[in-house]
Amino acid sequence: MAALKTYISDRRIGFPPAATDIFVALFCLWWVLLIIFSAFPQIDLSTSRYFFTPATCDATSQAGDICGAFMAANNWFLKNLRMIFFRLPYVVAIIQLCMLIACYTQHGSTFKAARARNLKIALSSLLIGPGLIVNVILKEHWGRPRPVSVIDFGGMMDFVRAGSFAGKCVSNCSFISGEAASAGWLLCLLIFIPQPARTGLFLPILAISLLTPVMRLAFGGHFLSDIVLGWLLAVVVFAGIYAFTDSSHRAKNSEI
């Protein structure tokens, strides 16, 4: 009986089981996928090759050169659609920041604590995931060349597998995709949208969340592993912050 009471007490001040389990499962899945992509680099090359259109090299090319292009990158409609999707998460973040500031202009019974907590989860997960981990740490220090930069698709650099430090890219590199991460974050926001709006917005947000990374793949801007791991990393970070915040909230309520 004493052991049972200790377990219950520990669970009250620890992460909520459901939220924590989801975070742990997603975290493990991310590493499993990285191992798979690293062990089978042909997955990245094959998927990028599907979007690459070979062409006949001109007289200035050397023997063995590969000529061609990722034709989707030259499509006017797709280029403009990509820019809209690229900016959308940050437009949403600005709106959320304004809403958070508005929350703290309220006091007493008019203060909406749940809304403020949800907004802080959303904004902090964007800053930590796509912002810090992806764009500041991984893309700037991993050195993986983008598909358009590797020899296999007419570039000058050697292909390196996912997670490798052997790449020669200096800045704003391929591993992992920042746009895919922002798109993954956008989908996570559905959890905070009340019904029936959530049902109505699910398909449009899902489409944007999936089309954004697929366009990066089609444009030759990222390999499949970059977009999958980038998208999933945002979800992992969101789940982790949600679990931690919900845990703190439950622990605080249990003390009252």
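Data block above holds the structure.
Residues numbered from 1 in each chain as written. Predicted model: local features only at pLDDT ≥ 70, side-chain atom pairs only at ≥ 80, totals over all residues. Heavy atoms only, no water.

J.: Help me get a handle on the nonpolar core, residues and values and all.
T.: Counting residues in hydrophobic clusters, the biggest one holds 49 residues, and the most contacted among them are Trp 30, Phe 175, Ile 176, Trp 185 and Leu 233. Residue assignment for this core shows that the elements contributing at least two residues are α2 (17-39), α4 (76-103), α5 (113-141), α6 (178-188), α7 (197-218) and α8 (224-255). At 12 residues, α8 tops the list of elements feeding residues into this core. In this structure, Phe 52, Phe 70, Phe 153 and Phe 159 belong to the second largest nonpolar core, which totals seven residues. (Core = buried A, V, L, I, M, F, W, Y, C linked by side-chain atoms within 4.5 Å. Buried < 20%, exposed > 50% of the residue type's maximum accessible area, 1.4 Å probe, protein only. Helix = DSSP H or I, 4+ residues; strand = E, 2+ residues; numbered from the N terminus.)

J.: Summarise α5; cite the residues concerned and give the values.
T.: Where α5 bends most, at Val 134, the angle is about 40 degrees. When α5 is considered as a whole, its buried residues turn out to be Ala 116, Leu 119, Ile 121, Ala 122, Leu 123, Ser 125, Leu 126, Gly 129, Pro 130, Val 134, Leu 138 and Lys 139. Looking one or two residues past α5, Gly 143 carries a phi angle of roughly 75 degrees, positive in sign. (Bend = angle between axes of the 7 residues up to and from the residue.)

J.: Tell me what's going on with empty space enclosed by the protein, and back it up with residues and numbers.
T.: Taken as a whole, this structure holds one cavity of 30 Å³ or more when the rule is applied. Estimates place the volume of the largest cavity at around 40 Å³. Considering the residues around the largest cavity, the lining is formed by Phe 85, Phe 86, Pro 89, Tyr 90, Glu 179, Ser 182, Ala 183, Ile 208 and Thr 212. Only α4, α6 and α7 provide two or more residues apiece to the lining of the largest cavity. No other element matches the four residues that α4 contributes to the lining of the largest cavity. Along the lines of polarity and charge, the residues of the lining of the largest cavity split into six nonpolar, two polar and one charged. (1 Å grid on protein atoms, 1.4 Å probe; cavity = no way out; pocket = protein on both sides within 12 Å on 5 of 7 lines; lining within 4 Å. Points joined across faces, edges and corners; volume = space filled by probe spheres on them. Nonpolar A, V, L, I, M, F, W, Y, C, P; charged D, E, K, R; others polar.)

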